[in-house]
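# Working through the structure, step by step
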Amino acid sequence: AQSVAQPEDQVNVAEGNPLTVKCTYSVSGNPYLFWYVQYPNRGLQFLLKYITGDNLVKGSYGFEAEFNKSQTSFHLKKPSALVSDSALYFCAVRDMGGQNFVFGPGTRLSVLP
Amino acid sequence: GAVVSQHPSRVICKSGTSVKIECRSLDFQATTMFWYRQFPKQSLMLMATSNEGSKATYEQGVEKDKFLINHASLTLSTLTVTSAHPEDSSFYICSASRGAGNTIYFGEGSWLTVV
């Protein structure tokens, strides 16, 4: 069965500093990995995905994520955080050929001015 | 990019009544749509998966007679909460996918308040 872990409920970072939101996964076979962001009272917005190819994936709003197969991780990163990046971030996995996504519990990112 | 529209964004209904939430894929045909429920400050809980032209697949613990899902076309799925109770009050989110392996895109969510 697929599963996703986001070990940190909350991440605080100062504006301008680099940020990392962690995600590890478990899936049989090759994974499709995704990051979504949710702003208050809104639906989820797609940030980026890894299907195949380069392990470093670049996405929206300056975010990127690195797929590490040996560590089964897909951490979300940004070189310089903005206050407007404060939101709830969800990592998700989908097994190849599968229909369903499994979401992690979410990590709340607070960027402090 | 792909757009999924969800309507209404907010609805208040009386206990015992039914309310329908629509989910539309605006610029692609969605073979599969998903319905989620989200409690405050929690992750998404998958309620059911609907495939166009067939019955929805409900997750364990979700009452199929209470949460009716209809995916009548490749661009529209509806969730009807029947005989609503205050404990059904929640944020409901739909998402749509072109097919296996593809990104899913989310609607903006619908706040349901049952009074």
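Residues numbered from 1 in each chain as written. Chains lettered and ligands numbered in written order. Predicted model: local features only at pLDDT ≥ 70, side-chain atom pairs only at ≥ 80, totals over all residues. Heavy atoms only, no water.

## Structural notes on the packing of aromatic side chains
All names here are of chain A.
- Taken as a whole and assessed by the stated rule, the structure comprises 16 aromatic pairs over all chains.
- Geometrically, the ring pair formed by Tyr25 and Phe67 is stacked, given 6.2 Å between the ring centres and 25 degrees between the ring planes. Of this pair, Tyr25 sits in strand S4 (residues 24–26) while Phe67 sits in strand S8 (residues 64–68), and the two are 42 residues apart along the sequence.
- Judged by its relative accessible area of 6%, Phe67 is buried. (Phe/Tyr/Trp six-rings, centres within 6.5 Å; stacked < 30°, edge-to-face > 60°. Helix = DSSP H or I, 4+ residues; strand = E, 2+ residues; numbered from the N terminus. Buried < 20%, exposed > 50% of the residue type's maximum accessible area, 1.4 Å probe, protein only.)

## As for the side chain of Ser97 of chain B
- Within the secondary structure layout, Ser97 of chain B lies in strand S9 (residues 90–97).
- Residue classification places Ser97 of chain B among the buried residues on the basis of a relative accessible area of 0%.
- Here the side chain of Ser97 of chain B touches Arg94 of chain A through a polar contact of 3.4 Å, side chain to side chain.
- Apart from residues no more than four positions distant in its own chain, Ser97 of chain B is found in contact with Arg94 of chain A together with Phe28, Gln29, Ala30, Thr31, Thr32, Phe34, Asn102, Thr103 and Ile104 of chain B. (Polar contact = N/O pair within 3.5 Å; in protein donor to acceptor, adjacent residues only side chain to side chain. Contact = heavy atoms within 4.5 Å.)

## What to know about the pattern of salt bridges
- Going through the model one piece at a time under the given rule, you end up with 5 salt bridges over all chains.
- Glu22 of chain B is the salt-bridge partner of Arg24 of chain B, the closest N and O atoms lying 3.5 Å from each other. (Salt bridge = Lys/Arg side-chain N within 4 Å of Asp/Glu carboxyl O.)

## Considerations on the state of the cysteines
- Taken as a whole, this structure holds 2 disulfides over all chains when the rule is applied.
- Each disulfide pairs two cysteine sulfurs, and for Cys23 of chain A the partner residue is Cys91 of chain A, the sulfurs being separated by 2.0 Å. Between Cys23 of chain A and Cys91 of chain A the sulfur-sulfur dihedral comes to about -65 degrees; the bridge is accordingly left-handed. Of this pair, Cys23 of chain A sits in the loop between strand S3 (19–21) and S4 while Cys91 of chain A sits in strand S10 (residues 87–95), and the two are 68 residues apart along the sequence. Taken as a pair, Cys23 of chain A and Cys91 of chain A share a single burial class, namely buried.
- Paired by a disulfide, Cys23 of chain B and Cys94 of chain B hold their sulfur atoms 2.0 Å apart. (Disulfide = S-S within 2.5 Å.)

## A look at the layout of surface pockets
- Quantified by volume, the largest pocket comes out at close to 260 Å³.
- Gln38, Pro40, Asn41 and Arg108 of chain A together with Lys41 of chain B are the residues nearest the centre of the largest pocket, which is lined by 15 residues in total.
- Tallied by class, the residues present in the lining of the largest pocket amount to 8 nonpolar, 5 polar and 2 charged. (1 Å grid on protein atoms, 1.4 Å probe; cavity = no way out; pocket = protein on both sides within 12 Å on 5 of 7 lines; lining within 4 Å. Points joined across faces, edges and corners; volume = space filled by probe spheres on them. Nonpolar A, V, L, I, M, F, W, Y, C, P; charged D, E, K, R; others polar.)

## Quick word on the interface of chain B and chain A
- Opposite the 27 residues of chain B that make contact, chain A presents 23 residues.
- The interface formed by chain B and chain A holds 1 salt bridge in total.
- Here Glu108 of chain B and Arg42 of chain A are joined by a salt bridge, their closest N and O atoms 2.4 Å apart.
- Our enumeration of links across chain B and chain A arrives at 6 residue pairs in polar contact (both at pLDDT 80 or more).

## A short note on the nonpolar core
- Within the largest apolar cluster, 27 residues are counted, with the highest numbers of intra-cluster contacts made by Trp35, Leu47, Leu48, Phe74, Leu76 and Tyr89 of chain A.
- Counting only elements with at least two residues in this core, the list comes to strand S2 (10–14), S3, strand S5 (31–38), strand S6 (44–50), S8, strand S9 (73–78), S10 and strand S12 (107–112) of chain A.
- Top element by residues in this core is S10 of chain A. It accounts for 4 residues.
- Those residues in contact with Phe74 of chain A, other than ones at most four positions away along the chain, are Cys23, Leu33, Phe34, Trp35, Leu48, Lys49, Tyr50, Ala65, Glu66 and Phe67 of chain A.
- Within the second largest apolar cluster, 25 residues are counted, among which are Ile21, Phe67, Val81 and Ala96 of chain B. (Core = buried A, V, L, I, M, F, W, Y, C linked by side-chain atoms within 4.5 Å.)

## Quick notes on the pairing of S6 of chain A
All names here are of chain A.
- Across 6 bridges, S5 lies against S6 in antiparallel orientation. Residue pairing across strands places Trp35 opposite Leu48, the latter belonging to S6.
- Between the end of S5 and the start of S6, which pair antiparallel, lie 5 residues, with Asn41 showing a positive phi angle near 60 degrees. (Pairing = 2+ DSSP bridges.)

## Structural notes on the environment of Ile104 of chain B
- Note that Ile104 of chain B resides in strand S10 (residues 104–106).
- Linking Ile104 of chain B and Cys94 of chain B, residues 10 residues apart in sequence, is a C-alpha distance of 9.8 Å.

## Structural notes on the confidence of the model for chain B
- Summarising the model, chain B shows a mean pLDDT of 90, and 96% of its residues fall at 70 or more.
- By mean pLDDT, the top-scoring element of chain B is strand S2 (residues 10–13) of chain B (96), and the lowest-scoring one is S10 of chain B (87). (pLDDT = per-residue confidence, 0-100.)

## As for the pairing of strand S4 (residues 32–38) of chain B
Residues and elements named next belong to chain B.
- The buried count for S4 comes to 7 of 7 residues, which makes it a mostly enclosed element.
- Here S4 pairs with strand S5 (residues 44–51) via 7 bridges, running antiparallel. Bridge assignment links Tyr36 to a residue of S5, and that residue is Leu46.
- Between S4 and S5, which pair antiparallel and follow one another directly, the connecting turn spans 5 residues, one of which, Lys41, has a positive phi of 60 degrees.
- Where S4 and S9 come together, 7 bridges link them in antiparallel fashion. Residue pairing for S9: Tyr36 is matched across the bridge by Ile93.

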